[in-house]
Amino acid sequence: MNNNNSQERAVVTVLGSDKVGIVAKVTATLAEHNANIIDISQTLLDDLFTMIMLVEVSDLTNGFENLNEELEAIGNDLEVKIMLQHEKVFRYMHRI
Amino acid sequence: MLFNTGEILETVKMIESENFDIRTITMGISLRDCAHPDIEVLNKQIYEKITTKAKDLVEVANKIEKQFGVPIINKRISVTPISIVANACKETDYTSIAQTLDKAAKEVGVDFIGGFSALVHKGYTSGERNLIKSIPQALATTDRVCSSVNVATTKAGINMDAVLEMGQVIKKCAELTADKDGLGAAKLVVFCNVPEDNPFMAGAFHGTGEPETVINIGVSGPGVVKNVVEKIPDANFNELADTIKRTAFKITRMGELVGQTASEMLGVPFGIVDLSLAPTPAIGDSVANILEGMGLEYCGTHGTTAALALLNDAVKKGGSMASSSVGGLSGAFIPVSEDQGMIEATKIGALTLEKLEAMTCVCSVGLDMIAVPGDTTAETIAAITADEMAIGMINKKTTAVRIIPAPNKTVGDEVVFGGLLGEAPIMKVSKFKADKFVHRGGRIPAPIQALTN
C-alpha cells in the first residue's frame, strides 16, 4: 500500500432499513477518525436504505482496521450493514 | 460521485449475498535448499524455512480482507515436491516429513499445506518410490498435509504401474482413516498434466520452474455466476456466454488486486490468478446450480456436458482479459461433495460417475471428491483413474482423480467430511472387472498429439 503523499480513498456502504440517526452516527465516527467525506449519495434500492460515501483515508488517526471495526459495530447497533472498503476494489472490478 | 452507485452496490451484493470470496492465497515455497542425507536435519531445515518465509502470510491476508471487505477463505502453502527434497535422505520412510509440514502449517496458521507429491509420469526415482509408499501413513497422521502424484502427461503417456500403485495407495489411505469415512483419500489427488502453480488443494505444489517463493491466488464465485445466469432465463447462448464472461472478468479482477497487494505487502513475487469457479457446500455457491440455471432440470442430465463446456469457456475468456497472469487450473470445478447442487443431483439419480467422466472432458479438473463403495477394489480405482488420465493425455489438459472408497459404506450411504470438503452420497461403480487390463504393467505410450516439435 502506498501510504505516502497520494490520497487514499475508501467507500462506505450502508444497507438496511431506514432509521433515525444513521447518517449522524456514521459521519460522527468518520470525523473522529479524521476521515474526510468527499462525496455522499443516498438511494432506495428495493425498499432498502442505501447510503454510499466516498471518504479520504490517507490521514486516519487510528488506522483503517480500527475504523472498519467501529463502523461494523455501529452497523450492528442500528441493525444495518456497514462496510468500509478501499476504493481500489471498485476501480479494479469495474474499470480497466 | 466518482463511482457509479450501481457498480458499488453490485460489488457489495456479490460479497454479501452471493458468496463471492477469494478462495485462497497460496504461498509457494521452494524447499530444494533444505535437502540433507539426515532426515532429522532435513526436517529441521524444512520447518525453519516454512515458518520463516510464511510467518506473515496469515496476518497479511487478514489485513487485505479487512481493507477490501472481501473474505479470504483459505491461506495455504505449497512446497517443492517432497520426493525431490527428500531424495538424498538415507531414510526411506518420509512420514516424518509430512508431520513436519503439518507442524509448520499449524505454526504459521495456514489451513492446508500441499506438496507431499511426486511426478512419475515416465518412471520412478528412489525418492518418488519412497514418497508414494509413505503417503497412507503420512495422510493418516497429519491434519493439513495434502498429497498429489502425477502419473501421466501428453508428452510422456500414462505410467500404468503408477496408476495401479495409486489405486492401492488410495485404498490404504481410506482404510487407515476409516473412522473418518476415509478422509485420508480426500487429501490425495492423482493427476495427468499437473500444473506447477496451482493454488488449489489437494493438488497444489511448488513446481521446479517456480521462483524461490511466490504468491498464487484462487478466486471463487459460482454463486455470483449463478445469479447472473438466473437473471436472464430467456437469453440465447450468445448472450448467456457474454454475461458469464463479463462476470468472470470482475471476479478475476479481484483476484488480481488481492494477489498484487499481497505480493507487495509480503515482498514476494506475484505468480498467478487461478480463475477457477470453485464451489463450496454453501447453498447457492454451486457450479451444478449454474448449469441448472441454464435450463437443465438437474445437473447430470443430457445437455450437461454442453452447458459445462459453455460455462468453462466463458469463464476462461472473461478471466483471461482480467489478468495477464492467469495460471493453475483455471476452469470450472466439479467436486461432488463440495457442491450442494451436485450432491442433490447425485441423490436424485441424475448425476452418475459416467456422466461426470464425460463432463471432465470439457472442464478444468476431473473426477473430484467422489465417494464410492468401500469394497471397490484397487484395480477398479486404477481403471477409473486410467480412463481419466487418458482423457487428459489425449486432450492436452489437466485431469485428476480424487476418489474416496469409503470404508464399510455402500450405495445409498453418505460420507461426511465437514468444512469445505463437504459430504457426498456413495456413487455406484461398474461391477465388471478391469483387473487384467490394469495389471499389464508398463506405460501407455505418448499419443501422436505429443509430437508437436
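Residues numbered from 1 in each chain as written. Chains lettered and ligands numbered in written order. Predicted model: local features only at pLDDT ≥ 70, side-chain atom pairs only at ≥ 80, totals over all residues. Heavy atoms only, no water.

Turning our attention to the nonpolar core. In terms of nonpolar packing, the biggest core is built from 147 residues, with B:Ile135 and B:Leu311 touching the most fellow members. Of the domains in this structure, domain 1 (26-192) and domain 2 (217-439) of chain B are the two that each give at least three residues to this core. Discounting residues that sit within four places of it in the chain, B:Leu311 has contacts with B:Val225, B:Ile244, B:Leu277, B:Val287, B:Ile290, B:Leu291, B:Met294 and B:Ala332. Residues A:Ala10, A:Met53, A:Leu71 and A:Ile82 belong to the second largest nonpolar core, which totals 21 residues. (Core = buried A, V, L, I, M, F, W, Y, C linked by side-chain atoms within 4.5 Å. Buried < 20%, exposed > 50% of the residue type's maximum accessible area, 1.4 Å probe, protein only. Domains from an automatic or database assignment. Contact = heavy atoms within 4.5 Å.)

This part takes up the pattern of salt bridges. Following the criterion strictly, the structure yields 20 salt bridges over all chains and no others. Measuring nitrogen to oxygen at the nearest pair gives 3.7 Å for the salt bridge that ties A:Lys81 to B:Glu16. Pair noted here: A:Lys81 is in strand E4 (residues 80-86) and B:Glu16 is in helix H1 (residues 5-17), and the two residues belong to different chains. A relative accessible area of 33% means that A:Lys81 is categorised as partly exposed. Between B:Lys226 and B:Glu230 there is a salt bridge; the shortest N-O distance is 3.8 Å. Of this pair, B:Lys226 and B:Glu230 both sit in helix H9 (residues 222-231), 4 residues apart, which is roughly one turn of that helix. By relative accessible area, which is 41% here, B:Glu230 ends up partly exposed. Salt bridges linked by common partners bring B:Asp33, B:Lys49 and B:Glu212 together as one network. (Salt bridge = Lys/Arg side-chain N within 4 Å of Asp/Glu carboxyl O. Helix = DSSP H or I, 4+ residues; strand = E, 2+ residues; numbered from the N terminus.)

All names here are of chain B. Spanning 18 residues, helix H15 (residues 378-395) covers 26 Å between terminal C-alpha atoms, matching the ideal 26 Å at 1.5 Å per step. Here H15 lies mainly inside the structure; 14 of its 18 residues are buried. After H15 finishes, the residue Lys396 shows a positive phi value of roughly 55 degrees. (Expected span 1.5 Å × (residues − 1).)

Moving on, we get to the sheet that holds strand E2 (residues 36-45) of chain A. Residues and elements named next belong to chain A. With antiparallel pairing, 4 strands are arranged side by side in an open sheet as E2-E3-E1-E4. The outermost strands of the open sheet, each flanked by one partner alone, are E2 and E4. For this sheet, the mean inter-axis angle between neighbouring strands, taken without regard to orientation, is 15 degrees. Summarising the sheet, strand E1 (residues 9-16) and strand E3 (residues 48-56) pair through 8 bridges and their orientation is antiparallel. Residue Arg9 lies in a different strand from E3, and its bridge partner there is Glu56. This element, helix H1 (residues 22-32), spans E1, E2, E3 and E4 of the sheet and lies at about 20 degrees to E3. (Pairing = 2+ DSSP bridges. Axes fitted to C-alpha atoms, helices over the stretch in contact; angles between N-to-C directions.)

On to the packing of helix H6 (residues 126-140) of chain B against helix H7 (residues 160-176) of chain B, then. Residue and element names in this part refer to chain B. In the contact formed by H6 and H7, the axes pass within 9 Å of each other and the chain directions differ by 20 degrees. The pairing of H6 with H7 is recorded here as roughly parallel in orientation. Considering the relative orientation of H6 and H7, their crossing is right-handed. On the side of H6, the interface is formed by Ile132, Lys133, Ile135, Pro136, Gln137, Leu139 and Ala140, while H7 contributes Glu165, Met166, Val169, Lys172, Cys173 and Leu176. (Parallel < 35°, antiparallel > 145°, perpendicular 65-115°, else oblique. Left-handed = near helix turned anticlockwise from the far one by under 90°.)

Right, let's get into the environment of B:Gly123. Mapped onto the fold, B:Gly123 is located in the loop between strand E3 (112-119) and H6. Apart from the residues lying within four places of it in its own chain, the contact partners of B:Gly123 are B:Glu128 and B:Asn159.

This part covers the confidence of the model for chain A. For chain A, per-residue confidence averages 86 on the pLDDT scale, and 94% of positions sit at 70 or higher. Segment residues 1-5 of chain A is flagged for pLDDT under 50; beyond a separation of four residues in sequence, or across chains, it makes 7 contacts in the model. (pLDDT = per-residue confidence, 0-100.)

Residue and element names in this part refer to chain A. The N-to-C vectors of H1 and helix H2 (residues 64-78) enclose an angle of 165 degrees; their axes lie 11 Å apart at closest approach. It follows that H1 is roughly antiparallel to H2 by the angle criterion. Between H1 and H2 lies a crossing whose hand is right-handed. Across the interface between the two elements, Ile22, Lys25, Val26, Thr29, Leu30 and Glu32 of H1 pack against Leu67, Glu70, Leu71, Ile74 and Leu78 of H2. Its residues assigned to classes, the contact of H1 with H2 comprises 7 nonpolar, 1 polar and 3 charged. (Nonpolar A, V, L, I, M, F, W, Y, C, P; charged D, E, K, R; others polar.)

Turning next to the environment of A:Ile22. Residues and elements named next belong to chain A. Within the secondary structure, Ile22 sits in helix H1. Its relative accessible area of 2% is what places Ile22 among the buried residues. Measuring from C-alpha to C-alpha, the distance between Ile22 and Tyr92 comes to 29 Å, with 70 residues separating the pair along the chain. With residues up to four places along the chain from it excluded, the contact list for Ile22 reads Val14, Ser17, Phe49, Leu78 and Val80.

It is worth spelling out the interface of chain B and chain A at this point. Interface size, as often reported, equals the accessible area lost upon joining of the parts. Contact with chain B, which involves 29 residues of that partner, is made by 33 residues of chain A. Interface area for chain B against chain A, summed over the two sides, is near 3000 Å², with a carbon-plus-sulfur share of 70%. For the pair chain B and chain A, the number of links is 2 salt bridges. The closest approach of N and O atoms between B:Lys66 and A:Glu69, which form a salt bridge, is 3.7 Å. Applying the counting criterion to the chain B and chain A interface returns 6 residue pairs in polar contact (both at pLDDT 80 or more). Broken down by secondary-structure element, the contributors of at least two residues to the side of chain B that touches chain A are H1, helix H3 (57-68) and helix H10 (237-266) of chain B. In terms of residue count, H1(B) provides more of the side of chain B that touches chain A than any other element does, 10 residues in total. Residue composition of the side of chain B that touches chain A, grouped by class: 13 nonpolar, 7 polar and 9 charged. (Buried area = accessible area lost by both parts, 1.4 Å probe. Polar contact = N/O pair within 3.5 Å; in protein donor to acceptor, adjacent residues only side chain to side chain.)

Residue and element names in this part refer to chain B. Per the domain assignment, the segments of chain B are domain 1 (26-192) and domain 2 (217-439). Taking only C-alpha atoms into account, the centre of domain 1 sits 22 Å from that of domain 2. With 39 residues of domain 1 at the interface, the matching set in domain 2 holds 45 residues. Taking both partners together, domain 1 and domain 2 bury about 3200 Å²; carbon and sulfur atoms supply 77% of that area. Counting across the interface, domain 1 meets domain 2 through 1 salt bridge. Where Lys409 meets Asp181, a salt bridge forms, and the shortest distance between an N and an O atom there is 3.2 Å. Our enumeration of links across domain 1 and domain 2 arrives at 8 residue pairs in polar contact (both at pLDDT 80 or more). At the level of secondary structure, the elements contributing two or more residues to the side of domain 1 that touches domain 2 comprise H3, strand E2 (72-79), strand E4 (145-153), strand E5 (157-159), H7, helix H8 (183-186) and strand E6 (188-192).

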